[in-house]
Structure formats: structure tokens, C-alpha cells
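Observations on the three-dimensional arrangement
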Number of protein chains: 2
Amino acid sequence: MPNVYEGMSNEELDAAIAQLEAQADELRAQNLKLDMARGKPSQQQTDLSRPMLDLINSSTKLVDEGVAVDNYGSPDGLPSARKLAAEILDVDPANVIVNGSSSVNLMHDLVAHAFTNGVAGNKPFYQQGEVKWLCPAPGYDRHFTITAHLGIKNVPVPMTDEGPDMSVVQRLVEEDPSVKGIWCVPKYSNPTGVVYSDAVVRRFAALQPAAPDFRIYWDNAYAVHTFGDEDTPLMNIFDALRGAGRTDLVYEFGSTAKVTFPSSGIAFVTASPADIADIRKAFAVQHVSPEKFTQLAHVLYLKDLAGVKEHMRKHAALLRPRFDLVEQKLTDGLGDSGVATWTHPTGGYFVSFDGPEGSARRIVKLMADLGVKLTPAGATWPYGKDPHDTNIRLAPTYPAIEDLSKALDVFVVAVRLVSAKLAKESR
Amino acid sequence: MPNVYEGMSNEELDAAIAQLEAQADELRAQNLKLDMARGKPSQQQTDLSRPMLDLINSSTKLVDEGVAVDNYGSPDGLPSARKLAAEILDVDPANVIVNGSSSVNLMHDLVAHAFTNGVAGNKPFYQQGEVKWLCPAPGYDRHFTITAHLGIKNVPVPMTDEGPDMSVVQRLVEEDPSVKGIWCVPKYSNPTGVVYSDAVVRRFAALQPAAPDFRIYWDNAYAVHTFGDEDTPLMNIFDALRGAGRTDLVYEFGSTAKVTFPSSGIAFVTASPADIADIRKAFAVQHVSPEKFTQLAHVLYLKDLAGVKEHMRKHAALLRPRFDLVEQKLTDGLGDSGVATWTHPTGGYFVSFDGPEGSARRIVKLMADLGVKLTPAGATWPYGKDPHDTNIRLAPTYPAIEDLSKALDVFVVAVRLVSAKLAKESR
């Protein structure tokens, strides 16, 4: 669809800008204070898990399959928590470590460990000169920050609507031994909402990395986070690996941060038996043993994968109207403008939005000026550098639905105004 | 006191060995399975904190001084938890970060961060060639493992009965810019039970390190862990620093691992405002935000320092008989032998024992053979290398008191037998 502003005469465009400026002034005068920046569950969502808080009290049996909950020990996590995590990720509990409340923390610690001590007996990264990491973009800013902070060179890889562009991934991974990892959110990807296709998962599993210490960081953060009519299944990458006759290629992560309580859920990692043994050794230095009451509470509350899914349907009921509203407001406000595209996720926490080239920073700045906080433009790219300055991550889960509605109205005006001005400036 | 076995004639010594061998055989036949290896609270001790588990339920107000407990945010920890930690360490809450359940984890992460990214704007350790760390010995094995694992050279420093030998510490810290840190357990030290004297604390505060990125890792693990008639106060090192006109020298750590639940307490770090700002930046990459329900539960249960002290008196009542028993059994069994010395702690979790030169490994091995597990000999020294092979860490807190009594009887026989054999072998 052609850009409506580019198709206007000078007079029409000036009139359109004047009208949009007037709308913006009106919004500015309302002194709004809205936030559509971070992927946070709403209060209604966290309230869903309150019943979990009644399941442990002073008379609870603090033993889990023979393991003491209330003392040191069980460095891999409680047996029952490992089983629950294994069910969520569809893997063998023997290869699962449950530790802490944050999978970002686990990912950080493993990249840091690779940097200081190496992966699977290979040299530490710091002794290997320049090291690179692939970053499908748009992607998750906290991922990119972890590798950048360690001085690892983040290399953007284009995202398609079925996952990262695998011809680019394959070339870089198979030809360049300094490429040591890739960040992936394979299901309901942050921020695009894409679920990697079976073909993409199979190509990941078939990679023949030039570096023996290359690992795929498979952050399955939204494994059970559908809000659509039905779940879009993700192929199990460990099944695909077995199919390809490979091992020792994938670290997979998950957590209940957006199932129960953000920051206070349980986090877990799984990998091949050899990789998990390597991870276990690293963790033995770093940790005494994990916090286990939270693990027990989660097992008592969620029970198993069926219990998790039942619980997630309650989240879906709260999330769906919000994502429907985003779709409706963007379609109504921008559908005929030809200035924007956006994703239509059925799970996860985000909508990925693209405006005209050179628009994203200006839109986010104008939105702030109009009282609506968005994720900083560029955040979805390594080093905050979106090469075309088009992408904005919309996070509709946290605001009250009326606030979200208002924020989206403001967004439509901001996108149109910036797009119109860009059209004028390019004449 | 002279070594009784060295003073014996050959015949007397042979007879003594034969008698001890017979005692050992008798013990071996009992197929004991006792454990005096790790510093773990007993079940009775962890049961003391069970009432804490009744304080959070589904109707609890999940807001702490305006901060949401049940969502992302407050990366430094809950305000009330920071205040509690600050009271325990007698510092300003503004300089406290409460994060996770393990202070060992915090220490690891800060050494690792210094290694990968540097301290206070200085070069990362990995770019500085050989880096050294001072290890007062006997000391805590997990400390030594953290630095050793990162390839940092652990340098032992002698312990005296008022803390590390400060003339050695001062010389190394002030003359060698590759010395970047020192491990300290300043109160009821692991394993000696020593409380650093005011003079030692003042000398630490007055250090003029050759390296700008040198920091004292002040692991105040046993800040409130007295079981004696009265507490032995430790001078506040931040007060001493102010007295010396210094800042940016100390990271202090604490936790409630041995106040409430091991692995499931709260852990905290404090430092100067500039150092805490540096730590905050590092943690911002590593963590999203800390687990906060545990923090809230601790605040509701312990309330303040007075509450902590009241709770610790209950622990003391359980610990004192155990430590009294160690003292009594060792005095009765070895007091007139001239082969051993040991410490007489009034707090903490350990007794540090020294047998004749070359005895420790043999004693620990013989004990294992007789069915009693001890901390591995050498564990209290960097790289597990006790230069005189004399030191054994006794951990009397976990076993039931009858088991402890039995284990100590076995220990007396093992020490005497190994000592007698050493006397014979040296002839």
C-alpha cells in the first residue's frame, strides 16, 4: 500500500500536518502519563497466582522426594521442580537444572562462564581474541546487553516471519569460528511474536558450527504463553537434534516469570547430558544451592503441564482483549495509511511495529512529549542501533485497558504526524 | 605440652599403637555412618523459622513502601529488606543491595565481574596479566574456589588469634599492584572462630593498596551468630574507614542463611556509595530484579535487629551444647596428649583443629574408614594444600548430639592413633 502522505500534493500535506499538529497539541494539553514500555504482567495477572501463597505454611512437609527443602543441598533444584520444568520444555528431568527466579540471570551466568572459563573444555572466550554473537533483530534488548557488556561483538541477523534468516545464520555459524552463540526466542518471539517454523528449527539442529564452543541460546520464555484461539506449537529442538544425529548444541531456558510472579518465579535450563554436566560444574562454584521454597510452592500450585496450561488460560483471557485492542486501533488508525506494518501475535508479550524509514526515534520522542512512555527506539537492535530506524516494540500487557486504548490513540497520531513530516522533508 | 607419643620408649609406643588399633577395629566393626563435614544448621534449627512461613498468604498486602512485591522492579531489593540488612550490618540502607538467597553467589558474581569488566573503571582483571588474591588460612574453601576458578592466584596469609597477620597483609597489598583482593570472615571466622580485633580492623581500614582496584571482601557471615554468654563485638569497618579518611575499599556481605533457612534466606552486600553504584550497574546486566517474596517474609518475621537477636538466641541454645561437647571431648581425650590444639569459639559454625605435622590427611582418611565423614583435610587452605598438613575443620552443628558425641569419640582415637604412628615412623 502506498504511503498516503507521499502521495499528497504539497498543499494537502501541509493541511494534513496542520491537522495532526492540532490533534497532538490537544493530547499534550491532557498531560497524560501512560506507559507502554516494558513487558510486565498487569496486577490482574499477578493476582491470578495469589492462591499459590497459601500452599506453604509452618506445617508443610518440607521434604521433596527425600530432599530437604529447608536446608542446603540439591544443587540442581528440587526433584519435583525439575520434573515440572522438564514437562514445560518437554525434555528429560535428568538434564534440567532449576535455579533462582530469573532465566536472564541463568543466561548471563552461562555467557559469563563461557567468557571466563570456556565451554566444554575449550579455551575461555577472553583468550580467543574477538568473539561474536548472532542477534536476530528485532530482538530482546536484555539478551544483547549481556553479550555486549562482556565485549562480545553482537552481529544482527534479519528476522523473517518464520524465524531468523537461516541462510545468514548458517553461513556465519559454519564459516566463522569466532561466532560462539546466537540469541533466540523461538516461540512468540520478543518482540515479533513469531513462532519459529519446523523448517527453521530443523536448520538450527543441523548446523555444523565452525566453533566447537558455539551454542544456541534457546530462550523459550513464552513456551506456554499463547493467548490466541489455539497454541502454535514449536518443534522440540532436542528432538530435531536427535533427528540430525547431533548433541551439545543447545542451551534451552525457561521460567515462570510470566506464569506466576515476575522476579519471583522459578527459572530453569536444559541441555545435552554433557553440556548440563559442564553447567553443573560452573554452578557448583557460583552457587551453594538454589532457593527451594519457591520451587516447592510452584510444584504444589501448578502441579504439572496440564496445570500450567489451565493457569495460562486465565492469563490469556486478560491478555487477548489488550492485543485485540492493539490490532483494532492500529488497523482503524493506520490501516489505510501505507506508513506502517505490525505483527499480529497469538502469544507472548509484544507487538513489533515498523514505521517509515527514519521514523522510530522521532515517534518515541513525540510519544514521550505527549505523555506516553514507549520502549526506546533501537532497543530491539544490538547496541540500540536500528539501521533503518523503523522498529518500535509495543508492550500492551501492563496498562489498564482504558489507558492502553488512550495510549494507542496517541500512538496513531504520533505515527501519522511523524510520517507526514518525513514525507514533507523528503521533498 | 610435649607430644606424649614422642616421649615414649619404643616398647611403650608399640603397646600404645596396638591398643589404639584395637579400639579402631572395635569402632570399625560398628559400621558407623556419621557426618561432621559441612556447616549446616540442624533440623531443630531450621524448624525455629517455620513460623515465618505463615506470614505470607493470598491476602497479604504485596506492597513494600510503595514498591510492588509481586512484579518486576526494585533492583536493589525491597526497601524494608534493605533496612533490615542495613541494621544487621550497621550501615546506611542507601548503600545496601539485597539480592538472592546466597552471599557466596554475590561474592562470586562480583569477583567474576571484576574479572570480566573491572572494578570502578579500572581494566578488567583478564587484561591485567597475573592477578593475586590473599587468603587468610585456615579459611573458607568456597571463597578460595571462587578466585581459583577464575585463574586468580590464591596467596595464603597466616591467621593469628586476632585475625590475619596484618604485617603480611599490609606488605603484600601495599607493595604488589597485582594483589586485587582478600577474603575475610571477620567475625567468628570460618573455621577458627576468631573475631578480628579492633586493631586488625583499623589496620585493614588504613591499608593504602598499590592497586586502585583492590577490594576487601568482608564476608560478615556470622554477624549475629554468637552462642557464647555474650557477643564479641566486631568493629564496624566502615566506621574505621571514615576514621582513616578512606572510601571505596570494602565490599561487605551478609545473609540469613544461618538465621532462617540455608539456601532460602536473603543475601546482601554493602559498600561505599561509589562502589555500590558500580555494583548496581553490574547487577543491572545480570539480573532483572530480585526475588522479593522471601525478602518480605524475612521482614515480617524478623522485623529488625532486635528481632534477629532474639531469634539467634534460640539458635544459640541449640548450638552451645554441641560446641561444649566438642570442647569437653577434645579436652578429655586429647588434653594431656600434647599432639593437638584447637579453637574455642563463642560463635559461628566451626572448630579449627590442628594435629601433628603431616597428620591431617591421615586422620580424615582414617575417620572415613571408621565411618565418620569430615571436611577434607586441606580444604581450609588455597588449592587444598595445607603446607604442614595439620588443619581439620570440625563442623558440629548438623549431627544429632548423640551422633556428634560418638563422632568425637572416634575422632579422639583417630587423632591418637595417627599421632602415635607418626611418632613411630619418625624414629
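Here is a short report on the structure shown in this document. (Residues numbered from 1 in each chain as written. Chains lettered and ligands numbered in written order. Predicted model: local features only at pLDDT ≥ 70, side-chain atom pairs only at ≥ 80, totals over all residues. Heavy atoms only, no water.)

This part takes up helix H1 (residues 10–28) of chain A. Residue and element names in this part refer to chain A. Helix length check: H1 (19 residues) gives 26 Å between terminal C-alpha atoms against 27 Å at 1.5 Å per residue, within 8%. Residues of H1 that are buried include every one of Leu13, Ala16, Ile17, Leu20, Ala24 and Leu27, and no others. The buried residues of H1 all sit within an arc of 100° when viewed along its axis, so they share a single face. For H1, exposure combined with an orientation more than 90 degrees from the buried face picks out Glu11, Gln19 and Glu26. Next to the buried residues of H1 lie helix H13 (401–425). (Helix = DSSP H or I, 4+ residues; strand = E, 2+ residues; numbered from the N terminus. Expected span 1.5 Å × (residues − 1). Buried < 20%, exposed > 50% of the residue type's maximum accessible area, 1.4 Å probe, protein only. Arc of directions from axis to C-beta. Contact = heavy atoms within 4.5 Å.)

Bringing the pattern of salt bridges into the picture now. Applying the stated criterion across every chain yields a total of 36 salt bridges over all chains. Note that Arg38 of chain A is salt-bridged to Asp141 of chain A, the shortest N-O span being 3.2 Å. Separated by 103 residues along the polypeptide, Arg38 of chain A in the loop between strand E1 (34–36) and helix H2 (43–47) and Asp141 of chain A in helix H5 (residues 141–149) bring together distant segments of the chain. Judged by relative accessible area, which is 35%, Arg38 of chain A ranks as partly exposed. Residue Asp14 of chain B pairs with Lys424 of chain B through a salt bridge whose shortest N-O separation is 2.8 Å. (Salt bridge = Lys/Arg side-chain N within 4 Å of Asp/Glu carboxyl O.)

Okay, helix H7 (residues 198–205) of chain A next. All names here are of chain A. Those residues of H7 that fall on the buried side of the exposure criterion are Val200, Val201, Phe204 and Ala205. Buried residues in H7, looked at end-on, bunch into an arc of 140°, giving them a common side. Structurally, H7 contributes buried residues whose contacts are with strand E7 (163–164), helix H6 (166–175), strand E8 (179–184), strand E9 (215–219) and helix H8 (237–243).

Another point: the packing of aromatic side chains. The description of an aromatic ring pair uses the distance of the two centres, along with the angle that the planes make with each other. One pass over the full model with this rule turns up 32 aromatic pairs over all chains. Seen in terms of ring centroids, Tyr126 of chain A and Phe115 of chain B are 5.1 Å apart; in terms of plane orientation they differ by 75°. Their pairing is edge-to-face. Of this pair, Tyr126 of chain A sits in the loop between helix H4 (103–117) and strand E5 (132–137) while Phe115 of chain B sits in helix H4 (residues 103–117), each in a different chain. Judged by its relative accessible area of 24%, Tyr126 of chain A falls in the partly exposed class. Taking the centre distance of 5.2 Å and the plane angle of 80° together, the rings of Trp183 of chain B and Tyr217 of chain B count as edge-to-face. Here Tyr217 of chain B lies in strand E9 (residues 215–219) and Trp183 of chain B lies in strand E8 (residues 179–184), a separation of 34 residues in the sequence. (Phe/Tyr/Trp six-rings, centres within 6.5 Å; stacked < 30°, edge-to-face > 60°.)

What follows is about the relation of the copies chain B and chain A. Rotating chain B by 180° and translating it 0.0 Å along the rotation axis places it on chain A, where the RMSD comes to 0.0 Å. When the rotation and shift are considered jointly, the pair of chain copies conforms to a two-fold rotation axis. Residue by residue, 100% of the interface of chain B is reproduced at the interface of chain A, so both copies engage with the same surface. (Least-squares fit on C-alpha atoms with pLDDT ≥ 70 in both.)

So, about the pairing of E9 of chain B. Residues and elements named next belong to chain B. Burial of E9 is extensive: five of the five residues sit out of reach of the surface. Side chains of E9 alternate between two faces, with Arg215, Tyr217 and Asp219 and Ile216 and Trp218 buried alike. Examined bridge by bridge, E8 and E9 share four bridges and lie parallel to one another. The partner of Trp183 across the bridge, within E9, is Tyr217. Read from E8 through helix H7 (residues 198–205) to E9, the crossover connection turns out right-handed. (Pairing = 2+ DSSP bridges. Right-handed = clockwise from strand over helix to strand, strands pointing away.)

So, on to the sheet that holds E8 of chain B. Residues and elements named next belong to chain B. In space, the eight strands of this open sheet follow the order E4-E11-E10-E9-E8-E5-E6-E7, with mixed pairing throughout. Only two strands of the sheet have a single neighbouring strand rather than two, namely strand E4 (96–98) and strand E7 (163–164). Sheet topology note: the E9/strand E10 (residues 250–255) ladder contains four bridges and is parallel. Residue Tyr217 lies in a different strand from E10, and its bridge partner there is Tyr251. Along the sheet, helix H5 (residues 141–149) makes contact with strand E5 (132–137), strand E6 (153–160), E8 and E9, crossing E8 at roughly 160°. (Axes fitted to C-alpha atoms, helices over the stretch in contact; angles between N-to-C directions.)

Attention now moves to the interface of chain B and chain A. In this assembly, 54 residues from chain B lie in contact with 54 residues from chain A. Together chain B and chain A conceal approximately 4,600 Å² of surface at their shared face, both sides included; 52% is due to carbon and sulfur atoms. For the interface between chain B and chain A, the tally reads zero salt bridges. Where chain B meets chain A, there are 30 residue pairs in polar contact (both at pLDDT 80 or more). Only helix H2 (43–47), H4, H5, helix H9 (273–286) and helix H10 (293–302) of chain B provide two or more residues apiece to the side of chain B that touches chain A. By residue number, the principal contributor to the side of chain B that touches chain A is H4 of chain B, which donates eight residues. Here the side of chain B that touches chain A is composed, by residue class, of 21 nonpolar, 23 polar and ten charged. (Buried area = accessible area lost by both parts, 1.4 Å probe. Polar contact = N/O pair within 3.5 Å; in protein donor to acceptor, adjacent residues only side chain to side chain. Nonpolar A, V, L, I, M, F, W, Y, C, P; charged D, E, K, R; others polar.)

Let's shift gears to the environment of Leu207 of chain A. Residues and elements named next belong to chain A. Mapped onto the secondary structure, Leu207 falls in the loop between H7 and E9. Overall, the relative accessible area of 1% leaves Leu207 in the buried class. For the pair Leu207 and Thr232, spaced 25 residues apart in sequence, the C-alpha to C-alpha distance is 24 Å. Dropping the residues within four chain positions of it, Leu207 is found in contact with Val169, Gln170, Val173, Glu174, Phe214, Ile216, Arg246 and Leu249.

What follows concerns the sheet that holds strand E15 (residues 391–394) of chain B. Residue and element names in this part refer to chain B. In space, the three strands of this open sheet follow the order E12-E13-E15, with antiparallel pairing throughout. The open sheet is flanked by strand E12 (341–342) and E15, the only strands paired with a single partner. Bridge analysis of strand E13 (residues 351–354) against E15 gives four bridges, and the strand direction is antiparallel. Considered in E15, the bridge of Phe353 is made with Ile392.

Before going further, it helps to examine the nonpolar core. Phe204 and Ile216 of chain A together with Phe204 and Ile216 of chain B are the most contacted members of the largest nonpolar core, which has 233 residues in total. Phe204 of chain B has contacts with Pro164, Met166, Val169, Ile182, Cys184, Tyr196, Ile216, Trp218, Ile237 and Leu249 of chain B, leaving out every residue within four places of it along the chain. (Core = buried A, V, L, I, M, F, W, Y, C linked by side-chain atoms within 4.5 Å.)

As a further point, take unusual backbone geometry. Across the junction of Asn190 of chain A and Pro191 of chain A, the peptide omega takes the value 10°, indicating a cis bond. In this structure, Ala120 of chain A is a non-glycine residue whose phi angle is positive, near 55°. Mapped onto the elements, Ala120 of chain A comes out in the loop between H4 and E5. Note on Ala120 of chain A: relative accessible area 40%, which makes it partly exposed. Despite not being glycine, Asp90 of chain B has its phi angle at roughly 60°, a positive value. Position of Asp90 of chain B among the secondary structure elements: in the loop between helix H3 (79–89) and E4. What makes Asp90 of chain B exposed here is its relative accessible area of 52%.

Turning to empty space enclosed by the protein, a few remarks are in order. Scanning all chains against the criterion turns up ten cavities of 30 Å³ or more. Each pocket or cavity is described by its volume, and for the largest cavity that value is around 430 Å³. Forming the boundary of the largest cavity are 31 residues, of which Gly100, Ser101 and Asn105 of chain A together with Gly100 and Ser101 of chain B lie nearest the centre. Of all the elements in the fold, those that place two or more residues in the lining of the largest cavity are H4 and helix H10 (293–302) of chain A together with H4 and H10 of chain B. Here the lining of the largest cavity is built from residues that sort into seven nonpolar, 20 polar and four charged. Quantified by volume, the second largest cavity comes out at close to 360 Å³. Lining of the second largest cavity is provided by 21 residues; of these, Ile56, Phe293 and Thr294 of chain A together with Leu53 and Phe293 of chain B occupy positions nearest its centre. Mapped by element, the contributors of at least two residues to the lining of the second largest cavity are H10 of chain A together with H10 of chain B. (1 Å grid on protein atoms, 1.4 Å probe; cavity = no way out; pocket = protein on both sides within 12 Å on 5 of 7 lines; lining within 4 Å. Points joined across faces, edges and corners; volume = space filled by probe spheres on them.)

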